[in-house]
Amino acid sequence: MDSKCVSLMRVVVQGGGWHNGAEGQTLCFDHGAQYFTVEDPVVLQLVEKWKMAGTVKEWLGHFGALDITSRTFMEETDSGKKRYVGVPGMNAICKALSSKLGVESKFGTTVTKVEWREEEGYWQLKSKNGQIAGEFCALVIADKSLASARFTGQTGLAPPLGDAEVPSLSSRVATVSVVPCFAAMLAFHESLTTIPLDGLTILNSKVLAWAARDSSKPDRKISLGGNCECWVLHSTVEYAETVISRAGLVKPSEELLASIALDLLEEFQNVIPGLPDPCFIKAHRWGGAFPTKFVAPEEKCILVEEKRIVACGDYCLGPRVECAILSGLAAANNLLQVLKTVAWM
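The following refers to the structure shown. Just so it is clear, the structure is predicted and the values come from calculations on it, not from any experiment. (Residues numbered from 1 in each chain as written. Predicted model: local features only at pLDDT ≥ 70, side-chain atom pairs only at ≥ 80, totals over all residues. Heavy atoms only, no water.)

### Observations regarding the overall build of the protein chain
Right, so step 1: When you go through the protein chain residue by residue, the secondary structure sums to 9 helices and 17 strands.
Right, so step 2: With 345 residues in all, the protein chain has 48% of them scored as buried.
Right, so step 3: Partitioning the contacts of the protein chain with sequence separation of at least 6, the portion at a separation of at least 24 is 70%.
Right, so step 4: Summed over all atoms, the accessible surface of the protein chain reaches about 16600 Å², with 54% contributed by carbon and sulfur. (Helix = DSSP H or I, 4+ residues; strand = E, 2+ residues; numbered from the N terminus. Buried < 20%, exposed > 50% of the residue type's maximum accessible area, 1.4 Å probe, protein only. Contact = heavy atoms within 4.5 Å. Areas by Shrake-Rupley, 256 points an atom, 1.4 Å probe, with all protein chains shown as cover.)

Put into structure tokens, the structure is as follows:
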């Protein structure tokens, strides 16, 4: 469950159907990466700074597994393992980084063309409507789908890096393979006291891989919504691949997501008998959840020095948040060295 995608979803419960919560009630879920662990001393120093800033805290829950064949809960024996989460949500880290002085964030813009302007010596980006989205002296590529057929499946357009004339970078990123996952976000009017764990791996299920009591994470009072307890379920890769093989890579319909949410809930209630029905339920597709091939395990990123472009992310090094951080640090260090040699710098 230690992966790179960090996101917090806020849902306004409307009432009706499964949406039986109070009108206007806000429920918060980490539907992507559930937590991250740290081994590298450089990353640990960075995490300590985030802790001091109040951006990250340790998740002091109870963890283990549930074997559905024996219906047995097993608490983990490695009690020294520290799990970190962003507060009040996993995306707090990204929000903190993007709010740094000098950083300008643009949302809701799909970059569909990446062009190196040789004479001018800069990169020009264009959006879906053909308008110039920006001109930059250097580029950092963190999204692996920009060189993948997944981009075409989701937008109907060619992957932008395919025409960027950086084959040594785009060809390697294009080889990244990923496995998908579906998440279900559930809220209950009562605490699920029959479950002795706050985060549990589900063993021997073809549908469920993970369940987490999201409300047990630090500073999640905002997610309680009164007396509600929030949970996140993750599907198995097998289940997600079966669904996507039938529905394709296009954005899933509300009807499909509703069906998926009920599938995950039904399995949750089957493996843990006696669970109540939720007062809220919603599914989310995590299409490129976990990379299975890593394209820069030694250099940690892919740099094209003469055009000042670098690719980084978990797909370069490994399927963990820490790997994404290490890749990003390597990209930053490499690019800074390149920029020092540019005359106008």
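Next comes the rest of the write-up.
### Describing the side chain of threonine 55
Right, so step 1: Summarising the element assignment, threonine 55 is placed in the loop between α1 (41-52) and β3 (56-58).
Right, so step 2: Not counting chain neighbours up to four residues away, the residues in contact with threonine 55 comprise Trp50, Val85, Gly86, Val87, Ala92, Ile93 and Ala96.

### Let's talk about the packing of aromatic side chains
Right, so step 1: On inspection of all chains with the given rule, the structure shows 9 aromatic pairs.
Right, so step 2: Centre to centre, the rings of phenylalanine 29 and phenylalanine 280 are 6.0 Å apart; their planes meet at 25 degrees, and the pair counts as stacked. In this pair, phenylalanine 29 is assigned in strand β2 (residues 25-29) and phenylalanine 280 in strand β15 (residues 280-291), connecting sequence segments 251 residues apart. Taken as a pair, phenylalanine 29 and phenylalanine 280 share a single burial class, namely buried.
Right, so step 3: Clustering of aromatic rings is evident, with ring pairs tying together Tyr35, Trp59, Phe63 and Trp210.
Right, so step 4: The ring of phenylalanine 63 has arginine 83 sitting right over it, with the charged end atom 3.9 Å from the ring centre.
Right, so step 5: If you follow lysine 217 out to its NZ or CZ, it ends over the ring of tryptophan 59, 5.0 Å from the centre. (Phe/Tyr/Trp six-rings, centres within 6.5 Å; stacked < 30°, edge-to-face > 60°. Lys NZ or Arg CZ within 6 Å of the ring centre and 35° of its normal.)

### Notes on the environment of proline 252
Right, so step 1: Relative to the elements of secondary structure, proline 252 occurs in the loop between α6 (237-247) and α7 (254-271).
Right, so step 2: For proline 252, a relative accessible area of 15% translates into the label buried.
Right, so step 3: Between the C-alpha atoms of proline 252 and glutamine 154, which are 98 residues apart in sequence, the distance is 10.0 Å.
Right, so step 4: Aside from chain neighbours lying at most four places away, what touches proline 252 is Leu257 and Arg285.

### Observations regarding the sheet that holds strand β14 (residues 229-235)
Right, so step 1: Taken together, 7 strands build an open sheet; the order of strands is β5-β4-β12-β13-β14-β11-β15 and the sheet is mixed. The open sheet has two edge strands with one neighbour each: β5 (72-75) and β15. In this sheet, adjacent strand axes meet at a mean angle of 20 degrees when their direction is disregarded.
Right, so step 2: Of the pairings in the sheet, the one linking strand β12 (residues 199-203) to strand β13 (residues 208-213) comprises 3 bridges and is antiparallel in character. (Pairing = 2+ DSSP bridges. Axes fitted to C-alpha atoms, helices over the stretch in contact; angles between N-to-C directions.)

### Considerations on the sheet that holds strand β9 (residues 132-136)
To summarise the sheet geometry, strands pair through backbone hydrogen bonds and adopt either a parallel or an antiparallel arrangement.
Right, so step 1: An order of β7-β8-β9 is seen for the 3 strands of this open sheet, with the pairing classed as antiparallel. Among the strands making up the open sheet, the edge pair consists of β7 (111-117) and β9. Pairwise comparison of adjacent strand axes, ignoring direction, gives a mean angle of 20 degrees for this sheet.
Right, so step 2: Examined bridge by bridge, strand β8 (residues 122-127) and β9 share 4 bridges and lie antiparallel to one another. For glutamine 124, the partnering residue across the bridge sits in β9 and is glutamate 135.

### Some words on α6
Right, so step 1: The set of residues buried in α6 consists of Tyr239, Ala240, Val243 and Ile244. Taken around the axis of α6, the buried residues stretch over an arc of 125 degrees, which confines them to a single face. Across from the buried face of α6, at angles greater than 90 degrees, the exposed residues are Ser245 and Arg246.
Right, so step 2: Summarising the contacts, the buried residues of α6 are in contact with β11 (178-188), β14, α7 and β15.
Right, so step 3: Looking one or two places after α6, you find glycine 248, whose phi comes out positive at around 85 degrees. (Arc of directions from axis to C-beta.)

### What to know about empty space enclosed by the protein
One simple way to see leftover space: roll a probe sized like a water molecule over the atoms.
Right, so step 1: Within this structure, the stated rule accounts for 1 cavity of 30 Å³ or more.
Right, so step 2: The calculated volume of the largest cavity comes to roughly 40 Å³.
Right, so step 3: Considering each element in turn, the lining of the largest cavity owes the most residues, 3 residues, to α6.
Right, so step 4: Here the lining of the largest cavity is composed, by residue class, of 7 nonpolar, 1 polar and 1 charged. (1 Å grid on protein atoms, 1.4 Å probe; cavity = no way out; pocket = protein on both sides within 12 Å on 5 of 7 lines; lining within 4 Å. Points joined across faces, edges and corners; volume = space filled by probe spheres on them. Nonpolar A, V, L, I, M, F, W, Y, C, P; charged D, E, K, R; others polar.)

### Looking at the pairing of β14
Right, so step 1: Burial within β14 is extensive, with 7 of its 7 residues counted as buried.
Right, so step 2: Covered by surrounding structure in β14 are Glu229, Trp231, Leu233 and Ser235 together with Cys230, Val232 and His234, the residues of both alternating faces.
Right, so step 3: Judged from the 6 bridges that link them, β11 and β14 form a sheet pairing that is antiparallel. In the sheet register, methionine 185 faces β14, and the bridge partner there is valine 232.
Right, so step 4: Where β13 meets β14, 5 bridges bridge the pair, whose relative direction is antiparallel. Residue pairing in the sheet places alanine 211 in a bridge with leucine 233 of β14.

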